[in-house]
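# Descriptive structure summary
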Amino acid sequence: QVQLVESGGGLVQAGGSLRLSCTASGRSFSGYAMGWFRQAPGKEREFVAAFRWGDSSAYYADPMKGRFTISRINAKNAVYLQMDTLKPEDTAVYYCAASWRMGGSYRSDYEYDYWGQGTQVTVSS
């Protein structure tokens, strides 16, 4: 069993920043990649960012490029999601996920095997 726990969500004003954390437990490794998705009310779950352990590759959805940064927490099966210049449209529940798919693009939710419970991010205007 793998458990993923997100933290760091909260309320922030537009233009502000938050840093989310996701930590995996239950196995020695969290998988081949870890990613972040988000889901706003009435919308589909949306890819945000992913980090591949093997080559430290980072992937971002276009709206997040230049604003969000995913990075590894050293010595842990964990990642940060640094979110800067937040906008009201960033308001969503943010989910951490872990993938055991070696050759995936990590941009689709079906590529992930384990999910956290989510953390709420609310950006006020």
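So, a few notes on the structure that sits alongside this text. Keep in mind that this is a model prediction, so the values were computed, not measured.

For the rest of this paragraph, the subject is the environment of Met83. Within the fold, Met83 resides in strand S8 (residues 78-83). In this structure Met83 comes out as buried when scored by relative accessible area, which is 0%. Distance from Met83 to Gly116, taken between C-alpha atoms, is 18 Å for residues 33 residues apart in sequence. In contact with Met83, not counting residues within four places along its chain, are Gly16, Ser17, Leu18, Leu20, Arg67, Phe68, Tyr94 and Val121.

If you walk through the whole model with that rule in mind, you get 1 disulfide. Cys22 shares a disulfide with Cys96; S-S distance 1.8 Å. In this structure, the disulfide formed by Cys22 and Cys96 twists by about -80 degrees around the S-S bond and is classed as left-handed. Note that Cys22 is positioned in strand S3 (residues 18-25) and Cys96 in strand S9 (residues 92-99), a separation of 74 residues in sequence.

With that settled, consider the pairing of strand S5 (residues 46-52). For S5, the buried fraction is high: 5 of the 7 residues fall into the buried class. For strand S4 (residues 33-39) and S5, the ladder comprises 6 bridges, and the chain directions are antiparallel. Looking across to S5, one finds that Arg38 is bridged to Glu46. The hairpin formed by S4 and S5 contains 6 residues between the paired strands, and Gly42 there has a positive phi angle of roughly 80 degrees. Summarising the sheet, S5 and strand S6 (residues 57-60) pair through 4 bridges and their orientation is antiparallel. Looking at S6, one finds that Ala50 is bridged to Tyr59. In this antiparallel pair of consecutive strands, S5 and S6, the connection spans 4 residues, and Ser56 shows a positive phi of 60 degrees.

The sheet built from 4 strands is open, its strands ordered S1-S3-S8-S7 with antiparallel pairing. Edge strands, defined here as strands with exactly one partner in the open sheet, are strand S1 (3-7) and strand S7 (68-72). On average, adjacent strands in this sheet sit at an angle of 15 degrees to one another, irrespective of strand direction. Two strands pair when backbone bridges link them, and S3 and S8 are joined in this way by 6 bridges, in the antiparallel orientation. The partner of Ser21 across the bridge, within S8, is Tyr80.

What counts as what
Residues numbered from 1 in each chain as written. Predicted model: local features only at pLDDT ≥ 70, side-chain atom pairs only at ≥ 80, totals over all residues. Heavy atoms only, no water. Helix = DSSP H or I, 4+ residues; strand = E, 2+ residues; numbered from the N terminus. Buried < 20%, exposed > 50% of the residue type's maximum accessible area, 1.4 Å probe, protein only. Contact = heavy atoms within 4.5 Å. Disulfide = S-S within 2.5 Å. Pairing = 2+ DSSP bridges. Axes fitted to C-alpha atoms, helices over the stretch in contact; angles between N-to-C directions.

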